Amino acid sequence: MIFATLLACSLKSWASTSYSFDTTVYLKKRYVDYGFFLSRRNNLEGQQFFINGAEFFLDKGDTASYLRCRIELSDLKRRAGDFNGAFDVLSEIEHDAIRSTDYMVQMKLLIKYGVMYGVFGQDSLSLSYLQKCLDIAKSKGRPKDLLQPHLSIAQQYISMNEYDFALKHLDSCYLLSPNTKRLHYVDCYYGHIYLSKGDTYKAKIYLRDLVKHFEKNKPAFIVLVYDYMGDLKNALNETDSAVYFWNQSIEAIDTLNAYKERKPRVLEKLAFTYSQHGQYKTALEYMSMSKRISDTLFTTQSKQNKELFEIKSKFKRTLSRKDIQIAAQQNLIEEQDKQSFRLQLIIGILILVSTIVFVFYRLRIKMRQMILEQEKKDEVLEIKTKELTVNTLQLIEKEKSINELLELVKEKAPELYVSIRNRTRQNDQKIWEDFHRRFTQTNTTFYDKLLKTHPSLTQNDLKHCALIKLKFDSKEMSHILGISVHSVHMSRSRIRKKMGMERAESLSNYLEKI
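Residues numbered from 1 in each chain as written. Predicted model: local features only at pLDDT ≥ 70, side-chain atom pairs only at ≥ 80, totals over all residues. Heavy atoms only, no water.

## Here's the deal with the confidence of the model for the chain
Point 1. For the chain, the mean per-residue pLDDT works out to 83, and 87% of the residues sit at or above 70.
Point 2. In the model of the chain, helix 1 (residues 2–10) stands out as the element of lowest mean pLDDT, 41, in contrast to helix 13 (residues 222–235), which has the highest, 95.
Point 3. Below a pLDDT of 50 lies the segment residues 1–16, which in the model reaches 17 contacts outside its immediate sequence neighbourhood of four places, other chains included.
Point 4. The model gives residues 299–304 a pLDDT under 50, and that stretch makes 10 contacts with residues more than four places away or in other chains. (pLDDT = per-residue confidence, 0-100. Helix = DSSP H or I, 4+ residues; strand = E, 2+ residues; numbered from the N terminus. Contact = heavy atoms within 4.5 Å.)

This is how it looks when you write it as structure tokens:
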């Protein structure tokens, strides 16, 4: 609606637009007050002011101000008795006003709707709109923004003669304004309520000095003040004063073009008062005037306007139901989309989980194969190590037997001892070379890892380390290496020092892990 119009307006030239009216007043903050000032002089002039303002703000792309002008135009139409026109204006902008980011626009729309429904006696709808307005003020507005909704709800309850409920909302107005000395609008309704309840004493207190206050600026509200003051004077049997204030109320209605729907009621009060005092001719004149205005205003309102208003209201409710149905369908589509997305997500997750499980299973099988292969290698290594150890031990035993035989040869045939001993030493060197070859085949990376960690080790140190890894004791090592046990111990000490080991650390355990 509005946005389509805005798009059309955006196609116009961006140069300064030529208007048939003065636009400078709309640049001021209180342009709304100026519009109502014009309406007091001439209601149609005020309406035209807001029509022009709506055009101006629409061209400028100021949606919130555009909506405010349309809402105030609706209010002036209502005050002039054009209830259908007022309702039409609100219906045109309702969609955009409700979705406006300006919560004050939303509140104004709801209040105007509440007042309109109240005029036509649709009390529940009126209270529903006004309560929505109050809810928005509570959730989005400032404390002072709650005053108008509370006051409007109080007005509606007053029209329904539900004075206790009205008093609660009037009390809320004062609770929301602890620093304000007096809320004159609120006190006016307090006075009316207590007067309706028969408490003229309280009514007099609340209505005191209100006429003086409102006569300074002549706002439209002065119509109610004069009316209620006339009621108070009548209750106090001050007839002349009552007649004076009621006449003042009628004059304000005519002068300010406001509250026209109240004029027949005020005229009836005057007619009844004149009748009570025997002034039947004057009473008849006022009653005729009241009937004539009722025929032109209220009869239209109660029949044509009311019927058309109800038709429009039903149409509006039908549209609302359709909107709700469309919204429900959209929600259903969105829910189906969500379900479809969830299903796709679940399928994706299942595929991902299945892939992860498959990969994990494959890796697990591969790891088990690797572990089995490593275990086989370890078993083979252990077997070879045992074989090497057994062979070495057997060689040691042979070496012992040879040494015993050499001792006998030395005693029995000294001339043969030297040649036999040399041959046995050559054989010892071959035995060690064979051990070294078989040990390297079994422990392929032992020397490389050891030299990488401890590069200062010599070839002799490596021999000692190989024998220590195979868990040979010092005596057995001395036989294999052909050195004394003391020399073996010295070699162990030297190796530990090169490796930087503490006394408490085990050299055998350290070499076994390599």
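Text resumes after the structure shown.
## Structural notes on empty space enclosed by the protein
Point 1. As enumerated under the stated definition, the model contains two cavities of 30 Å³ or more in all.
Point 2. Quantified by volume, the second largest cavity comes out at close to 40 Å³.
Point 3. Forming the walls of the second largest cavity are Arg-78, Arg-79, Ala-220, Ala-258, Tyr-259 and Glu-261. (1 Å grid on protein atoms, 1.4 Å probe; cavity = no way out; pocket = protein on both sides within 12 Å on 5 of 7 lines; lining within 4 Å. Points joined across faces, edges and corners; volume = space filled by probe spheres on them.)

## Observations concerning the pattern of salt bridges
Point 1. One pass over the structure, following the stated rule, counts 20 salt bridges.
Point 2. Residue Arg-68 is joined to Asp-102 by a salt bridge in which the shortest nitrogen-to-oxygen separation is 2.4 Å. Taken as a pair, Arg-68 in helix 4 (residues 63–79) and Asp-102 in the loop between helix 5 (83–98) and helix 6 (103–119) lie far apart in primary sequence, 34 residues in all.
Point 3. Residue Arg-68 is classed as partly exposed on the basis of its relative accessible area of 21%.
Point 4. Between Lys-197 and Asp-164 there is a salt bridge, and its shortest N-O distance comes to 3.4 Å. Taken together, the positions of Lys-197 in the loop between helix 10 (184–196) and helix 11 (200–207) and Asp-164 in helix 9 (residues 163–175) put the pair 33 residues apart, joining distant regions of the chain.
Point 5. Accessibility expressed as a relative area gives 44% for Lys-197, which makes it partly exposed.
Point 6. Salt bridges sharing common partners tie together Asp-75, Arg-78, Arg-79 and Lys-112. (Salt bridge = Lys/Arg side-chain N within 4 Å of Asp/Glu carboxyl O. Buried < 20%, exposed > 50% of the residue type's maximum accessible area, 1.4 Å probe, protein only.)

## Comments concerning helix 4
Point 1. Here helix 4 spans 25 Å end to end across 17 residues, near enough to the 24 Å set by a 1.5 Å rise per residue.
Point 2. Two residues or fewer after helix 4 comes Gly-81, characterised by a positive phi angle close to 90°. (Expected span 1.5 Å × (residues − 1).)

## So, the nonpolar core
Point 1. Core analysis: the largest hydrophobic core is formed by 84 residues, its most contacted members being Tyr-26, Phe-50, Leu-170, Tyr-189 and Val-225.
Point 2. Of all the elements, helix 6 adds the most residues to this core, at nine residues.
Point 3. Beyond its immediate sequence surroundings of up to four residues, Val-225 is in contact with Cys-188, Leu-210, Val-211 and Phe-214.
Point 4. Within the second largest apolar cluster, 22 residues are counted, among which are Leu-388, Phe-472, Val-488 and Met-501. (Core = buried A, V, L, I, M, F, W, Y, C linked by side-chain atoms within 4.5 Å.)

## Remarks on helix 15 (residues 263–276)
Residues three or four positions apart in an α-helix share a direction because the helix packs 3.6 residues into each turn.
Point 1. Under the 1.5 Å per step criterion, the end-to-end length of helix 15 is 20 Å for 14 residues, consistent within 8% with the ideal 20 Å.
Point 2. Those residues of helix 15 lying buried are Lys-263, Pro-264, Val-266, Leu-267, Leu-270, Ala-271, Thr-273 and Tyr-274.
Point 3. Once helix 15 ends, the next one or two residues include Gly-278, with phi positive near 80°.

## Points about a nonpolar patch on the surface
Point 1. A cluster of nonpolar side chains, Phe-341, Leu-345, Ile-349, Val-353 and Val-357, forms an exposed patch at the surface whose accessible area comes to about 450 Å².
Point 2. Its location among the elements puts Ile-349 in helix 16 (residues 280–412). (Patch = residues over 30% accessible without salt bridge, like charges linked within 9 Å, V, L, I, M, F, W, Y side chains within 5 Å. Areas by Shrake-Rupley, 256 points an atom, 1.4 Å probe, with all protein chains shown as cover.)

## Points about the environment of Asp-82
Point 1. Mapped onto the elements, Asp-82 comes out in the loop between helix 4 and helix 5.
Point 2. Side-chain polar atoms of Asp-82 contact the backbone nitrogen of Gly-85, separated by 3.0 Å. (Polar contact = N/O pair within 3.5 Å; in protein donor to acceptor, adjacent residues only side chain to side chain.)

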